[in-house]
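Architecture at a glance
Listed below are the residues making up each chain.
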Amino acid sequence: MVDLSEFEANFKNFEIPEELKELVNFQNSIGDDENFADQFYIGKDYSDKSGIIGYSDNKEFTDSIIEFAMADGSGSHYALWVRNGNENLSEAPVLAFGSEGGIHIVAKNVRELLQILTFDVEPAIGWDDIYFYKDEDDYEPTEKTEAYKKWVFERYGIETAEDPDEIVKNAQEIYEDEFQNWLKKYYNE
């Protein structure tokens, strides 16, 4: 079970988006060991910023990136980008940090990430891109994915994603250039 008060440590002086609080509660309700989206797990303590300080330990950088969930089974994770000091984290762009490198805009906001999770496939994250691939001939649904799809639709009216890469593409069209220009202040490949 995820202790919500411990999870709050990731957010320091920011209020946790309501959608993420509810997602923690949903995950707790189905059992901590039960996956509802392939390799996704919310609740780990990232307050030490160990997942991002390899890019930069500059305080402006680390204060602007809030890690909050595992994205895949190899150590990649999702984070929120606090743009221009905006404290409404429900509307913050969502980033994916690859375990082997690469940082990408993945969603315009938390609700879009919730929709991506309905696709029930972990992201493939590289230095140059991020994508979601499902081989229908080899796909096995995660045990609690149907419960998650029902929950996210009933709670937020979010439909199952047919093409999460389209969600990623749309978010990147809006934020990618701005994010890469901001990132250059702290990290150059």
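Placed above this text is the structure.
Just so it is clear, the structure is predicted and the values come from calculations on it, not from any experiment.

1. Details of the environment of A71
- Counting through the fold element by element, A71 comes out in the loop between β2 (65-70) and β3 (77-81).
- Accessibility expressed as a relative area gives 2% for A71, which makes it buried.
- Residues A71 and Y148, spaced 77 residues apart in sequence, show a C-alpha to C-alpha distance of 16 Å.
- Aside from chain neighbours lying at most four places away, what touches A71 is D38, Q39, S76, H77, Y78, E122 and P123.

2. Side note on the pattern of salt bridges
- Counted by the stated rule, this structure contains 7 salt bridges.
- D63 is the partner of K59 in a salt bridge, and the nearest nitrogen-oxygen pair spans 2.7 Å. Of the two residues, K59 and D63 both sit in helix α3 (residues 59-64), 4 residues apart, roughly one turn of that helix.
- Given the relative accessible area of 58%, K59 is considered exposed.

3. Quick look at empty space enclosed by the protein
- For the coordinates displayed, the defined rule picks out 2 cavities of 30 Å³ or more.
- Lining the largest cavity are A37, D38, F40, A71, Y78, I116, L117, D120, V121, E122, P123 and F132.
- For the lining of the largest cavity, a count of residues per class yields 9 nonpolar, no polar and 3 charged.
- Its boundaries defined by the atoms lining it, the second largest cavity holds a volume of some 30 Å³.
- Grouping the amino acids of the lining of the second largest cavity by side-chain chemistry returns 3 nonpolar, 1 polar and 2 charged.

4. Digging into the packing of aromatic side chains
- One pass over the full model with this rule turns up 17 aromatic pairs.
- A centroid spacing of 4.9 Å and a plane angle of 25 degrees characterise the contact between F26 and W151, whose relative ring orientation is stacked. Here F26, found in helix α2 (residues 18-30), pairs with W151, found in helix α5 (residues 145-156); they are 125 residues apart in sequence, far enough to count as distant.
- Note on W81 and W182: the rings are 5.5 Å apart at their centroids and 50 degrees apart in plane angle, and the pair reads as tilted. Taken together, the residues W81 in strand β3 and W182 in helix α6 (residues 164-183) connect sequence positions 101 residues apart.
- You can call W182 buried: its relative accessible area is 13%.
- What links up through ring pairs into an aromatic cluster is the set F26, F36, F40, Y78, Y148, W151 and Y156.
- If you follow R83 out to its NZ or CZ, it ends over the ring of W81, 5.9 Å from the centre.
- A cation over a ring is seen here: K134 above F119, with NZ or CZ 4.1 Å from the ring centre.

5. Description of the pairing of β3
- Among the 5 residues in β3, 5 count as buried, and that is most of the element.
- Of the two faces of β3, both are covered, the one formed by H77, A79 and W81 as well as the one formed by Y78 and L80.
- Counted between consecutive antiparallel strands, the loop separating β2 from β3 contains 6 residues, among which G75 sits at a positive phi close to 105 degrees.
- Examined bridge by bridge, β3 and strand β4 (residues 94-97) share 4 bridges and lie antiparallel to one another. Across the sheet, residue L80 finds its bridge partner in β4, namely V94.

Calculation rules
Residues numbered from 1 in each chain as written. Predicted model: local features only at pLDDT ≥ 70, side-chain atom pairs only at ≥ 80, totals over all residues. Heavy atoms only, no water. Helix = DSSP H or I, 4+ residues; strand = E, 2+ residues; numbered from the N terminus. Buried < 20%, exposed > 50% of the residue type's maximum accessible area, 1.4 Å probe, protein only. Contact = heavy atoms within 4.5 Å. Salt bridge = Lys/Arg side-chain N within 4 Å of Asp/Glu carboxyl O. 1 Å grid on protein atoms, 1.4 Å probe; cavity = no way out; pocket = protein on both sides within 12 Å on 5 of 7 lines; lining within 4 Å. Points joined across faces, edges and corners; volume = space filled by probe spheres on them. Nonpolar A, V, L, I, M, F, W, Y, C, P; charged D, E, K, R; others polar. Phe/Tyr/Trp six-rings, centres within 6.5 Å; stacked < 30°, edge-to-face > 60°. Lys NZ or Arg CZ within 6 Å of the ring centre and 35° of its normal. Pairing = 2+ DSSP bridges.

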